[in-house]
Amino acid sequence: HKPVHMPEQVIGFHKACRGDSAKPLGNDSAGTNCPVTMKERSTCAAACNSGAPANGTFLCLASKVRLQSVCPRPGSVTLGDKVLFTLAAVASECPTLEQLHTFFASALQVDRDNIEGVFCEVSNDDVALPEDVARHPTAKNLRIGADIIGDTSEVDALLLRTARLSDIVTPVGSRFATAVRGVLDFLGPVKQVHKPVHMPDQVIGVHKACRGDSARPLGNHSMGTNCPDSMAEQSTCAAQCKSGTSANGTFLCLANKVRLTSVCPGLDSVTLGDKVLLTLAAVASECPSLGQLHTIIASALKVDRDVVDGVFCEVGEDVPLSANDARLVGYPRAKALRIGADLTGEAAEVPDLLLRSAQLSDTTTAVGNRFVTAVHGVLDYMAAVEQVHKPVHMPDQVIDFHKACRGETARPLGNTSMGTNCPATMAERSTCAAQCNSGAIANGTFVCLASKVRLTSVCPEQDSITLGDKVLVTLKVVASKCPSLGQLRTMLASALEVDKDIVDVVFCEVGEDVPLSADDARLAGHPTAKALTIGADVIGDAAGVHALLPRAAQIADIMAPVGHRFAIAGKSVLDYVGLVEQVHKPVHMPDQVIGVHKACRGDSARPLGNHSMGTNCPDSMAEQSTCAAQCKSGTSANGTFLCLANKVRLTSVCPGLD
């Protein structure tokens, strides 16, 4: 027959959307103005308690409520243009949302950060497949979509590219199909459910305001901060100094959390440098420990652990798992996590740090692959990982702070000094020594390290002094209590695989209480632990120092053999050991006092018998020196006296009839 024209026919059908599935962001709304049943392409918004218009709209698109709406409030709401698309596909299963995120970014050649609202939904109807097409007799009908963020000038190009996702003969469609087939057993037809839709003035970023009173300056030279009660996203503030000078470093409101720190100049030691801040949203079985997270991030980015600072992991709401994931891990829900860290780097290293940290959420990159592999090594389950914001570069920030040491706490050994040349306030890493009555130069030095005077100094005299090399270690540890000094010496010797005699001058100081997570509290049997500062001086000869320094640097790294042994040794004597961090890199101090013994009094050496006329012992005997009885007959005495640890030991006797 001749072709027939039929006007007013059904060319598209979508079920209405349920208006009650539109959920406003934040707590400043009284619900929405959405009708119970929303027609295709209709919009609605949050109904604000203040009566003000909401930011952004909800949109009914292909039977699904898309986009977000939020009421104006203190904080940060960023608006921009979005392009929405929906695809219908036949495939073996839904890819993970993280994989889908990557597919779209790769196919459309846009940053992952520009892709939001990714979803994949499976229909109840299976699709029968021919035997020669796939390994399975059936596939799934999938509904896939996402929102793409773009500047107004980019919208036309985005509309064109997203329209080509279903067309395999175009570069965009070919990249998409190739990426999907790289992870799924089967991908069949892909169709556009509707033409891509441009929605201007939509919510592309929402962060609650930060509480300014959570910004706490370091040191004792400030009178609070200039932070407002409510800090907007990426706003900064600083300590207010008693002296009226400008503070070092700033506080930053980032993703609803006050980050970084600020300190007023004084006699304390402050080191400034560049930092790169990252925040990730993840779905996982639990938070890794902070020590594990420290190691995971350092490993993924291929940087030293000392570069990774300010690590945190915060647990949010439960997230229901898919049937497949729940079956694999053995439980129906996981946790929404917020993970972050500050990376310290020189200005020249910042561009590379920004690039690498932006790849943490992308498993198709080497960085993202190392990150997820390291996480899977310590957690039962981890799925979607997303950047909460692009990594942020903050120059001139506090990367190290230590209170000055009190010079009066440096106490020389022996009785031949008239005090020290130490100033009343010692800067970090500064040294001083004993002042000798004789005017001679003292042996050894005191050093101010992490706000504590370490090592010792002694004036030359009749006493015996042994000098050598020392490696100084200081750790921050969260644990149930301080181990005894004997236990601590054993823990460190075991971890470093050295003799206990080499581990010298150990200490453990207790700080504030630290609240534990619910899981850790259950394991430890108490809700809080203690912030401890632990340290030791490790003796080594000059050749051994080169081996000691890298080993001592690994004590805080539970993934390294040294750190693993330290953690096991700690858990064998304490109820709970959590975070372990290096306060500073291990410090090598050559020519230090490793042994001091007062001279022995030679007149305390008393020969046996009646055949001697005293001894040949000097008035003052040096450590481990010997002497003997002087015989009336002129013969040599049997045995010797020995000066050992300030005491004359053994005896001597002249030959005779005895």
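Structure: above.
For the structure given in this document, a descriptive report is provided here. These numbers were taken from a predicted model, which means no experiment stands behind them.

1. Points about unusual backbone geometry
Thought 1: Its identity is not glycine, yet Val505 carries a phi of approximately 45°, on the positive side.
Thought 2: Among the secondary structure elements, Val505 is positioned in strand S33 (residues 503-515).
Thought 3: Classification of Val505 by relative accessible area gives partly exposed; the value is 44%.
Thought 4: The backbone of Ala645 sits at a positive phi, close to 55°, despite the residue not being glycine.
Thought 5: With respect to the element layout, Ala645 can be found in the loop between strand S42 (641-644) and strand S43 (647-649).
Thought 6: The exposure class of Ala645 is partly exposed, given its relative accessible area of 46%.

2. Regarding the nonpolar core
Thought 1: By size, the foremost hydrophobic cluster in this structure holds 31 residues, and its most contacted members are Leu475, Val477, Leu492, Ile555 and Phe566.
Thought 2: Of all the secondary structure elements, the ones that give two or more residues to this core are strand S32 (464-479), helix H8 (485-496), S33, strand S34 (528-540), helix H10 (542-553), helix H11 (561-573) and strand S35 (577-582).
Thought 3: Considering every element that reaches this core, the biggest residue donor is H8, with six residues.
Thought 4: Beyond its immediate chain neighbours, meaning those up to four positions away, Leu492 contacts Val503, Val506, Ala536, Ile555 and Phe566.
Thought 5: Ile297, Leu353, Phe371 and Leu379 belong to the second largest nonpolar core, which has 30 residues in total.

3. A short note on the sheet that holds strand S28 (residues 431-432)
Thought 1: One open sheet accounts for three strands, arranged S28-S30-S31; its pairing is antiparallel. Each end of this open sheet is capped by a strand with a single partner; those strands are S28 and strand S31 (452-454).

4. Observations regarding the environment of Asn638
Thought 1: For Asn638, the location among the structural elements is in the loop between strand S41 (629-631) and S42.
Thought 2: With 594 residues separating them in the primary sequence, Asn638 and Cys44 have C-alpha atoms 108 Å apart.

5. Some words on empty space enclosed by the protein
Thought 1: Tallying each qualifying case throughout the model produces two cavities of 30 Å³ or more.
Thought 2: Each pocket or cavity is described by its volume, and for the largest cavity that value is around 40 Å³.
Thought 3: As for the largest cavity, its lining consists of Ala89, Ala91, Pro95, Leu100, Phe103, Leu142, Ile144, Phe176, Val180, Leu184 and Leu187.
Thought 4: Secondary-structure elements contributing two or more residues to the lining of the largest cavity are strand S8 (75-91), helix H1 (97-108), strand S10 (138-150) and helix H3 (171-181).
Thought 5: Taken together, the residues of the lining of the largest cavity sort by class into eleven nonpolar, no polar and no charged.
Thought 6: Computed from the structure, the second largest cavity encloses a volume of approximately 30 Å³.
Thought 7: Lining the second largest cavity we find Val477, Ala479, Met491, Ile534, Phe566, Leu574 and Val577.

6. Regarding the pattern of salt bridges
Thought 1: Under the counting rule described, the total for this entry stands at 25 salt bridges.
Thought 2: For Arg259, the salt bridge is made with Asp342, and the minimal N-O distance between the two is 3.1 Å. Separated by 83 residues along the polypeptide, Arg259 in strand S19 (residues 257-259) and Asp342 in strand S22 (residues 333-345) bring together distant segments of the chain. In this structure, Arg259 and Asp342 share a single accessibility class: buried.
Thought 3: The partner of Glu408 in a salt bridge is Arg406, and the shortest N-O contact between them spans 1.6 Å.
Thought 4: Judged by its relative accessible area of 48%, Glu408 falls in the partly exposed class.

7. Overview of the sheet that holds strand S6 (residues 58-61)
Thought 1: Spatially, three strands are ordered S4-S6-S7 in an open sheet, and the strand pairing comes out antiparallel. With one partner strand each, in any of the chains shown, strand S4 (43-44) and strand S7 (64-66) form the two edges of the open sheet.
Thought 2: Bridge count for S6 against S7 is three bridges, and the pairing is antiparallel. Looking at S7, one finds that Leu59 is bridged to Arg66.

Rules used throughout
- Residues numbered from 1 in each chain as written.
- Predicted model: local features only at pLDDT ≥ 70, side-chain atom pairs only at ≥ 80, totals over all residues.
- Heavy atoms only, no water.
- Helix = DSSP H or I, 4+ residues; strand = E, 2+ residues; numbered from the N terminus.
- Buried < 20%, exposed > 50% of the residue type's maximum accessible area, 1.4 Å probe, protein only.
- Core = buried A, V, L, I, M, F, W, Y, C linked by side-chain atoms within 4.5 Å.
- Contact = heavy atoms within 4.5 Å.
- Pairing = 2+ DSSP bridges.
- 1 Å grid on protein atoms, 1.4 Å probe; cavity = no way out; pocket = protein on both sides within 12 Å on 5 of 7 lines; lining within 4 Å.
- Points joined across faces, edges and corners; volume = space filled by probe spheres on them.
- Nonpolar A, V, L, I, M, F, W, Y, C, P; charged D, E, K, R; others polar.
- Salt bridge = Lys/Arg side-chain N within 4 Å of Asp/Glu carboxyl O.

On their own, these measurements won't tell you what the molecule is for.
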